[in-house]
Every structure is written in structure tokens, then in C-alpha cells.
Amino acid sequence: MRMKKYLLIMLAVVSSAFAANADKYSINRGDLPEAAQQFLTEHFPKSKVGMVKVDKHLLKKTDYDVKLVNGTKIEFNNAGKWTEVDCKNSPVPESVIPKAIRTYVKKNFSDVYIVKIEKTSTKYEVDLSDGVELTFNLLGQFKSMKMDD
């Protein structure tokens, strides 16, 4: 009997831990950190938020996935800094892209535009409208290119 009671208590503890870390969905911009709200206002002023997903990770900090009504997806870290902007088939706003990267793409790929940009702690990855993927360091210096198969 004791073992059964112990197992029930453990099950309750584990399930409540998972419930506390469950993802939350909403359409409220107010669920985002201030920096993320400012980013949306500055770079996507006319776009409406379709969904905000608040990802709560067990051992990692919270991050935020925002989907705009036009289909654009933006990911933010816990501090509200963008980590990825995916505009699907539309151009990423130039104001989001570091100047050195914009200049490189305009000079070397004048007939295409950037549809996705991702920033990590060590690099930027940029997807172009023709399927080419470019990698830059954090200073915006070109590092590599990969073609879509």
C-alpha cells in the first residue's frame, strides 16, 4: 500500500512539473518581453500578430515564437532579442539585416532578396529567395555559401 501511495505522489509531482512548463499560446503582444514588442513595432509596424507561443523549457530559459498574420515567423530569446526572422517568400525588412550583410548580398546577388535570417552566438545564416544559404560571422563578413539541392 505504501508503494502505491508513493507512486501516486511521484506521478502527481512529475505531472505538475510538466504542466508548469507547458507551452502557452496567445495572440497578445503583451506576453512578449519589451524588447520583442519594440522590435515588432519598429520592423513590422503594419503587421498584426496572429499567434504568440511562449516556450518554457525545463532547464532552459523561456523563448518566444511569433507568427504574424502575413505568415512571417519571428523567434525571440528570453530577453526579447530576435534569433530568427523567416518571411517565407517575402523579403526580410532591410532594417533587420546588418548593413555589411545587406551590402554583400546587393553586390553579389543583385537579382534576389533575403527571405530568412538567423542569428546565433557565433554567426548569421541568411537564406536567399533563390535557395542559396549564406553564412556570415557576427561582424557581417562572408564565410560560406550552400546551394539548395
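Basis of the calculations
- Residues numbered from 1 in each chain as written.
- Predicted model: local features only at pLDDT ≥ 70, side-chain atom pairs only at ≥ 80, totals over all residues.
- Heavy atoms only, no water.
- Phe/Tyr/Trp six-rings, centres within 6.5 Å; stacked < 30°, edge-to-face > 60°.
- Buried < 20%, exposed > 50% of the residue type's maximum accessible area, 1.4 Å probe, protein only.
- Helix = DSSP H or I, 4+ residues; strand = E, 2+ residues; numbered from the N terminus.
- Pairing = 2+ DSSP bridges.
- Axes fitted to C-alpha atoms, helices over the stretch in contact; angles between N-to-C directions.
- Contact = heavy atoms within 4.5 Å.

Examining the packing of aromatic side chains
Here is step 1 of the chain: Per the counting criterion, the structure on display carries 8 aromatic pairs.
Here is step 2 of the chain: Where phenylalanine 39 meets phenylalanine 44, the ring centres are 6.2 Å apart and the plane angle is 45 degrees; that geometry is what we call tilted.
Here is step 3 of the chain: Among the residues examined, phenylalanine 39 registers a relative accessible area of 8% and is labelled buried.
Here is step 4 of the chain: A ring pair is formed by phenylalanine 39 and phenylalanine 76, whose centres lie 5.6 Å apart and whose planes are at 80 degrees; its orientation type is edge-to-face. Note that phenylalanine 39 is positioned in helix H2 (residues 34-43) and phenylalanine 76 in strand E4 (residues 73-76), a separation of 37 residues in sequence. Exposure class is identical for phenylalanine 39 and phenylalanine 76. Each is buried.
Here is step 5 of the chain: Taken together, the ring pairs in this structure connect Phe39, Phe44, Phe76, Trp82 and Tyr124 into an aromatic cluster.

Focus: the sheet that holds strand E9 (residues 142-146)
Here is step 1 of the chain: Spatially, the 9 strands line up as an open sheet ordered E1-E2-E3-E4-E5-E6-E7-E8-E9, and their pairing is antiparallel. Looking at strand neighbours, the two that pair on one side only are strand E1 (24-26) and E9, the edges of this open sheet. Between one strand axis and the next, the sheet turns through 15 degrees on average, direction left out of account.
Here is step 2 of the chain: Taken together, the 5 bridges between strand E6 (residues 114-119) and strand E7 (residues 123-128) define a ladder with antiparallel strand orientation. Paired with lysine 116 across the bridge in E7 is aspartate 127.
Here is step 3 of the chain: Contacts from H2 reach strand E2 (49-55), strand E3 (63-68), E4 and strand E5 (82-86) within the one sheet, and its direction differs from that of E4 by about 150 degrees.

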